[in-house]
Amino acid sequence: MTSDAAPAGARTPYQYPNPAEAGSDIVVPAALPDDERVWVPQADNVWFRPLCLNVSSGYWVNLLRVRRAGVLGRHRHPNPVHGFVIKGRWRYLEHDWEAVQGGYVYEPPGETHTLVVDEDVEEMITLFQVNGVMYYVDPWGEYLGYEDVFTKVDMCRRHYAACGLGADYVDQFIR
């Protein structure tokens with residue numbers, strides 16, 4: 001729609017206040033940060049960059065980065081996960097498809113998989129929205145550990161305190 005074809009008032013902002021209970025926006029001007037300290041270490045060659053840590057709804061949105069070869073341990077999701085590949089490519093050991101740059105991935109509830117970035121990929125970055133928990137298991141489904149939005153917040157606080165950004169740096173991403 002062009003500006004000359006827009007209906008009258010189309011560019012007039014909404015004239016009433018938002019509900020008092022509504023949370024504040026999160027605007028991250030540089031989602032791919034210049035400061036390496038923003039990336040939180042998760043495993044060998046694996047980091048995440050928080051964008052939204054929603055403690056009231058139990059989900060998080062982050063960038064997952066793997067440099068060189070890397071593996072994000074085998075895990076199960078009880079809720080859906082959405083991913084968009086920004087750079088590089090990755091795959092699951094349990095599937096025959098590959099997630100490639102510019103591609104979208106939907107992971108259904110109940111799926112168990114092992115994310116792998118192969119050695120010929122210099123760097124992979126994917127935007128993920130994870131709802132609920134990542135339940136880590138061995139190849140036979142035995143429980144090994146978990147991550148949820150609260151463990152993500154804790155990981156961020158520890159890392160940001162240790163690297164000089166301050167433990168409260170993560171607060172800007174919490175809703």
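Above this note sits the structure.
Being a predicted model, the structure only gives us computed values, none of them experimental. (Residues numbered from 1 in each chain as written. Predicted model: local features only at pLDDT ≥ 70, side-chain atom pairs only at ≥ 80, totals over all residues. Heavy atoms only, no water.)

Q: I'd like a rundown of the pattern of salt bridges, residues and numbers included.
A: Per the stated rule, a full pass over the model turns up 10 salt bridges. Across the pair glutamate 36 and arginine 65 runs a salt bridge whose closest N-O atoms are separated by 2.9 Å. Taken as a pair, glutamate 36 in the segment before β1 (40–43) and arginine 65 in strand β3 (residues 59–67) lie far apart in primary sequence, 29 residues in all. (Salt bridge = Lys/Arg side-chain N within 4 Å of Asp/Glu carboxyl O. Helix = DSSP H or I, 4+ residues; strand = E, 2+ residues; numbered from the N terminus.)

Q: Please provide a residue-by-residue account of the pairing of strand β2 (residues 46–54), values included.
A: Counting buried positions over the nine residues of β2 gives eight, a clear majority of the element. Counted along the chain from β1 to the antiparallel partner β2, the turn is two residues long, and its residue asparagine 45 has a positive phi close to 65°. The pairing of β2 with β3 spans eight bridges and is antiparallel. What sits directly across from cysteine 52, in β3, is valine 61. Between β2 and β3, which pair antiparallel and follow one another directly, the connecting turn spans four residues, one of which, glycine 58, has a positive phi of 75°. (Buried < 20%, exposed > 50% of the residue type's maximum accessible area, 1.4 Å probe, protein only. Pairing = 2+ DSSP bridges.)

Q: Break down the pairing of β3 for me, with residues and values.
A: The side chains of a regular strand alternate, residue by residue, between the two faces of the sheet. Within β3, seven of the nine residues are buried, which leaves it mostly tucked inside the rest of the structure. Summarising the sheet, β3 and strand β10 (residues 123–131) pair through nine bridges and their orientation is antiparallel. Among the inter-strand pairings, arginine 65 is bridged to a residue of β10, identified as isoleucine 125.

Q: So what's going on with the nonpolar core? Which residues, and what values?
A: Residues Leu53, Trp90, Leu115 and Met124 are the most contacted members of the largest nonpolar core, which totals 32 residues. Secondary structure elements with two or more residues in this core: β2, β3, β5 (81–87), β6 (89–92), β9 (112–117), β10, β11 (134–137) and α1 (149–163). Take this core: its biggest share by element is five residues, from α1. The contact partners of methionine 124, leaving out residues within four places of it in the chain, are Leu64, Arg65, Val66, Lys87, Gly88, Arg89, Trp90, Leu115 and Val117. (Core = buried A, V, L, I, M, F, W, Y, C linked by side-chain atoms within 4.5 Å. Contact = heavy atoms within 4.5 Å.)

Q: Give me the lowdown on the sheet that holds β9, citing residues and values where you can.
A: The strand order β7-β6-β9-β4-β11-β12 describes an open sheet built from six strands, whose pairing is antiparallel. Looking at strand neighbours, the two that pair on one side only are β7 (98–100) and β12 (143–147), the edges of this open sheet. Averaged over neighbouring strand pairs, the angle between their axes works out to 30° when direction is ignored. Relative to β12, β11 runs antiparallel, the two being bridged by four bridges. Bridge pairing in β12 links methionine 134 to glutamate 147. (Axes fitted to C-alpha atoms, helices over the stretch in contact; angles between N-to-C directions.)

Q: Requested: an account of the sheet that holds strand β8 (residues 104–107), with residues and values cited.
A: Taken in spatial order, the six strands line up as β1-β2-β3-β10-β5-β8 in an open sheet, and their pairing is antiparallel. Strands with a single pairing partner mark the edges of an open sheet, and in this sheet they are β1 and β8. Mean inter-strand twist for the sheet, computed between neighbouring axes without regard to direction, equals 30°. In the packing of α1 onto the sheet, the strands contacted are β1, β2 and β3, and the crossing angle to β2 comes to about 120°.

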